[in-house]
Number of protein chains: 2
Amino acid sequence: MAQNIYDDPAFFAAYTQLRRQVIGLDGAPEWPTVRAMLPPRLAGMRVLDLGCGFGWFSRWARQNGAASVLGIDLSENMVARARAMTSDDAIEYRIADLDHLDLDENAFDLAHSSLALHYIVDFDRLTRTIHRALNAGGHFVFTIEHPIFMAPKRPGWSVDSDGRRTWPISDYSREGSRTTDWLRKGVVKYHRTLATTLNTLLRQGFTICQVEEFAPTPAQVAAEPELAAEIERPAFLMVSARR
Amino acid sequence: MAQNIYDDPAFFAAYTQLRRQVIGLDGAPEWPTVRAMLPPRLAGMRVLDLGCGFGWFSRWARQNGAASVLGIDLSENMVARARAMTSDDAIEYRIADLDHLDLDENAFDLAHSSLALHYIVDFDRLTRTIHRALNAGGHFVFTIEHPIFMAPKRPGWSVDSDGRRTWPISDYSREGSRTTDWLRKGVVKYHRTLATTLNTLLRQGFTICQVEEFAPTPAQVAAEPELAAEIERPAFLMVSARR
């Protein structure tokens, strides 16, 4: 199963301070790109939100016409917070491990996941579960940490002899766990190559619709200068697929 | 138009000594992967080979049942050599710049390209041309230098403080020309992100079938130890798509 880092008190305390948790979707620089990859109208859709966190996307989907939303997260802390922030009988939050998830067939029109699937051990099983759970033509839109970002066993920026910032890649084709320090020590994630991610979707019967790699706009860099580094190497991979 | 580096005498002399030019397809470590991405039977197919070089793939396609092959290359040197190596009326070689290529509609069942399209300025135009030139259901299988390999404006291996080999990435989201030294100084290629490559295909109407990133097998590393570096970062991206 995936590591339940979000129920570690120190991690959770730090996580709640992230801009994207404090102000929600508009605090995530990749959100405009993700939004453009979603179906243009959510009206009447049954939505699944995998790794729902505080429920920001779940509530947004309802505000944009979704008929119902099921948000799933491994963390009791996250789901408790999501429930406290939500007042809507058409949104259900459930605690479950995505590595062992079972879902009804043809139960959803849109599956969404934001920065959760890189915690998953068995992406093949989860993809098969999502494919079954979507109706024909259903959408699957997700973001994960980019394999360029994930690959190095000891990730971090480097500065070359001319003072230019680089992101040294290694271990790209060595898939599997990566233990890194983010908000606390020993966070376990799983690196998969881009080919593995896409071919897993294709093998389960998904059609790839769009692939994006986050890079900030000039306006975003002006507002948040530290985002400039993301031009050097993408941290987020975004995929839109259809059953 | 693309730089015609292959008609530079010094470059051409060095190029002809590459293992993949001396012994052909079996000298290319990625060939087993590419072969598995091609349609299982070429019988009767009209094949297009973009950047045909010495015609190794063109001849292989005919030996495997293709009805006809049109090989296209910018380089007079390459096409002259291909013609000298070929004795088959069903193979035509043509000198043309892929950046200004025109092709008949519905004229091919398979378009193939090996390590040529990263020399192209206008991938969008070429992709549209190929899409029109394929019949419905036609295959497009190509390899290019991987965007991880292409991105840095000053590419090269680095060794970190622990002696581990890394490939420092930078400039990933800055698409455009890259001038590097390979066989001679000043070779001009064009970096596109993975998202741009895939979305260009999708926008022109292609369906993505398979994406691969070259990594050597243990047997390949045992035979050619210098291939081990390719495990750290992929040099080749391979895509299979269908109209």
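Being a predicted model, the structure only gives us computed values, none of them experimental.

1. Notes on the environment of A:Glu105
By the secondary structure assignment, A:Glu105 is in the loop between strand E3 (91-95) and strand E4 (108-114). Here A:Glu105 is in contact with A:Arg132 and A:Ala133, once residues within four sequence places are set aside.

2. Side note on the pattern of salt bridges
Residue and element names in this part refer to chain A. Under the criterion given, the structure shown has 32 salt bridges over all chains. Its salt-bridge partner being Arg 19, residue Glu 224 comes within 3.8 Å of it at the nearest N-O pair. Here Glu 224, found in the loop between helix H9 (218-223) and strand E11 (236-242), pairs with Arg 19, found in helix H2 (residues 19-22); they are 205 residues apart in sequence, far enough to count as distant. For Arg 19, a relative accessible area of 46% puts it in the partly exposed group. With a shortest N-O distance of 2.8 Å, Asp 171 and Arg 174 are connected by a salt bridge.

3. Points about the pairing of E11(A)
Residue and element names in this part refer to chain A. Of all seven residues in E11, six are buried; the element is thus mostly enclosed. In this structure, strand E10 (residues 207-213) lies alongside E11, joined through six bridges in antiparallel fashion. Opposite Val 211, over in E11, you have Val 239 as the bridge partner.

4. Structural notes on the sheet that holds strand E1 (residues 46-50) of chain A
Residue and element names in this part refer to chain A. Taken together, the seven strands give an open sheet; going across it, the order is E3-E2-E1-E4-E5-E11-E10, and neighbouring strands pair in mixed fashion. The outermost strands of the open sheet, each flanked by one partner alone, are E3 and E10. Between one strand axis and the next, the sheet turns through 15° on average, direction left out of account. Direction of pairing for E1 relative to E4: parallel, over a ladder of four bridges. Note on E4: the bridge partner recorded for Leu 48 is Ala 111. Sitting on the sheet, helix H4 (residues 56-63) is in contact with E1, strand E2 (68-73), E3 and E4, with an inclination near 160° to E3.

5. Quick notes on the relation of the copies chain B and chain A
In this arrangement, two copies of a chain are superimposed by a rotation about an axis accompanied by a shift along the axis. Relative to chain A, chain B is turned by 180° and slid 0.0 Å along the rotation axis, the superposed coordinates differing by an RMSD of 0.0 Å. Here the two chains are linked by the operation of a two-fold rotation axis. Within chain B, the C-alpha atom positioned nearest to the axis of rotation is that of B:Pro168, 1.9 Å from it. The residues that chain B uses at the interface reappear at the interface of chain A in 100% of cases, marking a shared surface.

6. Some points on the interface of chain B and chain A
How big an interface is tends to be stated in terms of the accessible area lost upon association of its parts. The interface of chain B with chain A comprises 32 residues on the first partner and 32 residues on the second. Both sides together, the interface formed by chain B and chain A hides about 2,800 Å², and carbon and sulfur atoms give 51% of it. Counting every contact that joins chain B to chain A gives four salt bridges. Between A:Arg174 and B:Glu232 there is a salt bridge whose closest N-O contact spans 3.1 Å. For the pair chain B and chain A, the number of links is 24 residue pairs in polar contact (both at pLDDT 80 or more). Those elements that place two or more of their residues in the side of chain B that touches chain A are strand E7 (165-169), helix H8 (194-203) and strand E10 (207-213) of chain B. If one sorts the elements of the side of chain B that touches chain A by residue count, E10(B) sits on top with six residues. Tallied by class, the residues present in the side of chain B that touches chain A amount to 15 nonpolar, six polar and eleven charged. Here strand E7 (residues 165-169) of chain A pairs with E7(B) via three bridges, running antiparallel. Counted as the bridge partner of A:Trp167 is B:Ile169 from E7(B).

The rules we used
Residues numbered from 1 in each chain as written. Chains lettered and ligands numbered in written order. Predicted model: local features only at pLDDT ≥ 70, side-chain atom pairs only at ≥ 80, totals over all residues. Heavy atoms only, no water. Helix = DSSP H or I, 4+ residues; strand = E, 2+ residues; numbered from the N terminus. Contact = heavy atoms within 4.5 Å. Salt bridge = Lys/Arg side-chain N within 4 Å of Asp/Glu carboxyl O. Buried < 20%, exposed > 50% of the residue type's maximum accessible area, 1.4 Å probe, protein only. Pairing = 2+ DSSP bridges. Axes fitted to C-alpha atoms, helices over the stretch in contact; angles between N-to-C directions. Least-squares fit on C-alpha atoms with pLDDT ≥ 70 in both. Buried area = accessible area lost by both parts, 1.4 Å probe. Polar contact = N/O pair within 3.5 Å; in protein donor to acceptor, adjacent residues only side chain to side chain. Nonpolar A, V, L, I, M, F, W, Y, C, P; charged D, E, K, R; others polar.

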